[in-house]
Amino acid sequence: SVISAFANSTNHTDFRLMRAAWFMMRLDKMGGLVALLACLCVLLILRLNNLQTLLSQALDEAEMLHDAHQQSVTSYEKAIRKNMQAIDLCFDKIKQSKRPCAKEQSQAKAFDPSKETIYVVTPTYTRDTQLVDLTRLSHTLRLASAKHQILWIVVEDSDVKTDLVKYSLDRAQVHHVHLNVRENRPAHGNVFKANTQRNLGIDYVRDLLNVNTNSKIYFADDDNGYDVELFDEIAKIKQVGIWPVAYSGARRAETPVVENHKVIGFHAWDPSFRKDFPVDMAAFAISVKFILGPDPVRFVPLAPTSTGEVKFLRATGVKPSELEPLADDCTKILVWHVKTTARVDRQFDADSSFIAFA
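If you're wondering where the values come from, they're calculated on a predicted model, not measured in any experiment. (Residues numbered from 1 in each chain as written. Predicted model: local features only at pLDDT ≥ 70, side-chain atom pairs only at ≥ 80, totals over all residues. Heavy atoms only, no water.)

**Remarks on the overall build of the protein chain**
Here is the rule we go by: Numbering of helices and strands starts at the N terminus; helices are DSSP runs of H or I of at least 4 residues and strands are runs of E of at least 2. Remark: exposure states derive from per-residue accessible area (1.4 Å probe, protein chains only) relative to the maximum for the residue type, with buried under 20%, exposed over 50%, and partly exposed in between. In this analysis, two residues are considered to be in contact whenever any of their non-hydrogen atoms come within 4.5 Å of each other. Residue exposure ignores everything except the shown protein chains as possible cover, and the areas themselves are Shrake-Rupley values with a 1.4 Å probe.
Secondary structure assignment for the protein chain yields 11 helices and 12 strands. A burial count over the protein chain gives 39% of its 358 residues as buried. In the protein chain, the share of contacts with a sequence separation of at least 24, taken over all contacts with a separation of at least 6, comes to 73%. Split by element, the accessible area of the protein chain, about 21,700 Å² in all, is 56% carbon and sulfur.

**Focus on the sheet that holds strand β2 (residues 149-156)**
To keep things clear, this is the line we draw: Pairing between strands is defined by DSSP: at least two bridges between them are needed. Angles here are taken between N-to-C directions and fall from 0 to 180 degrees, while the axes themselves are lines fitted to C-alpha atoms, restricted in helices to the stretch in contact.
Taken in spatial order, the seven strands make up an open sheet running β3-β2-β1-β4-β10-β6-β11, and their pairing is mixed. Each having just a single partner strand, β3 (176-180) and β11 (324-325) make up the two edges of the open sheet. Of the strand pairs in this sheet, strand β6 (residues 240-242) and β11 are connected by two bridges, and their pairing is parallel. Within β11, the position partnered with G241 by the bridge is E324. Together, β1 (117-124) and β2 form the strand contacts of helix α5 (residues 130-144), whose direction differs from that of β2 by roughly 165 degrees. The strands touched by helix α10 (residues 308-316) are β4 (216-219), β6 and β10 (284-287); relative to β10, the strand with the most contacts, the crossing angle is about 25 degrees.

**Some details on the pairing of strand β9 (residues 262-267)**
Note: strand β8 (residues 253-259) against β9, five bridges, orientation antiparallel. Its bridge partner lying in β9, P256 is registered against F266. Where β8 hands over to β9, the hairpin turn is made up of two residues, of which N260 adopts a positive phi near 55 degrees.

**Digging into the pattern of salt bridges**
Put simply, the test is: In what follows, salt bridge is the name for a side-chain nitrogen of Lys or Arg lying within 4 Å of a carboxyl oxygen of Asp or Glu.
Going through the model one piece at a time under the given rule, you end up with 14 salt bridges. Of the charged contacts, one joins R182 and D159 as a salt bridge, the two residues approaching to 3.7 Å between their closest N and O atoms. Of the two residues, R182 is situated in the loop between β3 and α7 (195-207) and D159 in the loop between β2 and α6 (163-170); the sequence distance between them amounts to 23 residues. For R182, a relative accessible area of 39% puts it in the partly exposed group. A relative accessible area of 58% means that D159 is categorised as exposed. Note that D221 is salt-bridged to R198, the shortest N-O span being 3.1 Å. Residue D221 is located in the loop between β4 and β5 (224-226), and its partner R198 is located in helix α7; the two are separated by 23 residues in the primary sequence. On the accessibility criterion, D221 (17% relative accessible area) is buried. One connected set of salt bridges, linked through shared partners, spans R127, D133, R136 and D222.

**Observations concerning a nonpolar patch on the surface**
We count it as follows: Excluding any residue in a salt bridge, patches collect residues exceeding 30% relative accessible area, merging like charges within 9 Å and nonpolar Val, Leu, Ile, Met, Phe, Trp and Tyr side chains within 5 Å.
The grouping of Y247, W336 and V338 at the surface amounts to a nonpolar patch, some 270 Å² of accessible area in total. If you trace the backbone, V338 turns up in the segment after β12 (335-337). For V338, a relative accessible area of 35% gives the class partly exposed.

**Topic: the environment of K193**
For K193, the location among the structural elements is in the loop between β3 and α7. When neighbours within four sequence positions are excluded, K193 is seen to be in contact with E183, R185 and R198.

**What about α6?**
Owing to its 3.6 residues per turn, the α-helix aligns residues three or four sequence positions apart on the same side. To be explicit about the condition: The directions considered for the arc are those from the helix axis to the C-beta atoms.
Of all the residues in α6, the buried ones are V165, S168 and L169. Mapping the buried residues of α6 onto a view down its axis gives an arc of 95 degrees, with all of them on the same face. Summarising the contacts, the buried residues of α6 are in contact with β1, α5, β2 and β3.

Spelled out as structure tokens, the structure:
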């Protein structure tokens with residue numbers, strides 16, 4: 001039975017040893033039995049050696065696979081770390097180059113009145129074109145604020161602050177203040193509008209602490225168009241600066257006449273009762289020194305029509321010849337009267353009725 005168990009063995013050495021043991025048993029039973037036992041011992045040793053060899057080979061192969069796997073994992077980890085470093089670098093560049101929104105901008109760069117500033121006071125009132133006018137002006141101020149610190153003081157002619165103005169200011173991406181005061185104008189009679197709002201803007205600047213005395217203040221109505229270069233000119237002002245305004249009154253441009261860098265007169269549409277300063281509100285800006293002292297320059301509320309500018313400039317004590325002509329000696333137009341108009345509701349297409357135009 002032992003021999004038959006090895007008969008089908010593929011190991012020819014085992015089979016020959018068993019046949020030799022069989023022939024010896026036939027010749028000598030005791031000798032053959034001893035030989036058989038010896039063969040079995042030899043086979044067992046051979047099998048154990050084969051098993052040890054197989055186990056050793058298996059262990060070698062397993063160790064090779066483990067080493068290969070470790071190398072693969074290590075390479076993969078290195079690749080992941082490299083990619084993560086590249087991703088972190090990209091995020092850092094995005095953070096550095098990202099344009100901040102209005103809230104982020106105010107947090108990242110808070111307004112500091114101790115720095116030289118251009119204060120822009122804008123009176124406004126509710127009307128169909130209010131949002132587009134404020135949006136146009138806010139875009140100019142956003143561009144100008146890249147070079148100058150600007151505080152936009154928007155004053156509503158209203159008993160309450162309206163959501164539309166708040167919406168416009170929240171999107172402006174420029175330092176701003178939202179104020180309101182109602183101007184009680186008479187039902188009849190022509191008066192200069194919005195001086196009450198301009199004075200509230202002046203009071204706000206006066207109430208600030210540590211105001212830089214090199215700062216300027218400009219009264220910019222929201223229904224005009226402004227070139228961003230105008231604010232570069234305003235920054236040059238020592239006392240009172242002046243420049244032309246296009247489409248003021250009936251003129252193509254209302255402008256000072258300049259010779260040798262001095263103002264010697266004006267081309268104006270209605271100089272009769274404002275002969276010394278026949279200028280538009282958009283045509284000048286002043287140093288904040290005029291409004292910070294104990295006797296500040298202010299506008300006259302409800303002044304007769306067309307006298308708001310002249311009364312204010314007279315209060316500065318500056319003579320026409322002492323005005324500082326800017327915009328290349330008043331030869332460049334940097335501000336325009338736009339007079340935005342809106343269509344009535346019946347002129348809108350029916351399929352656009354769902355859009356909020358204001």
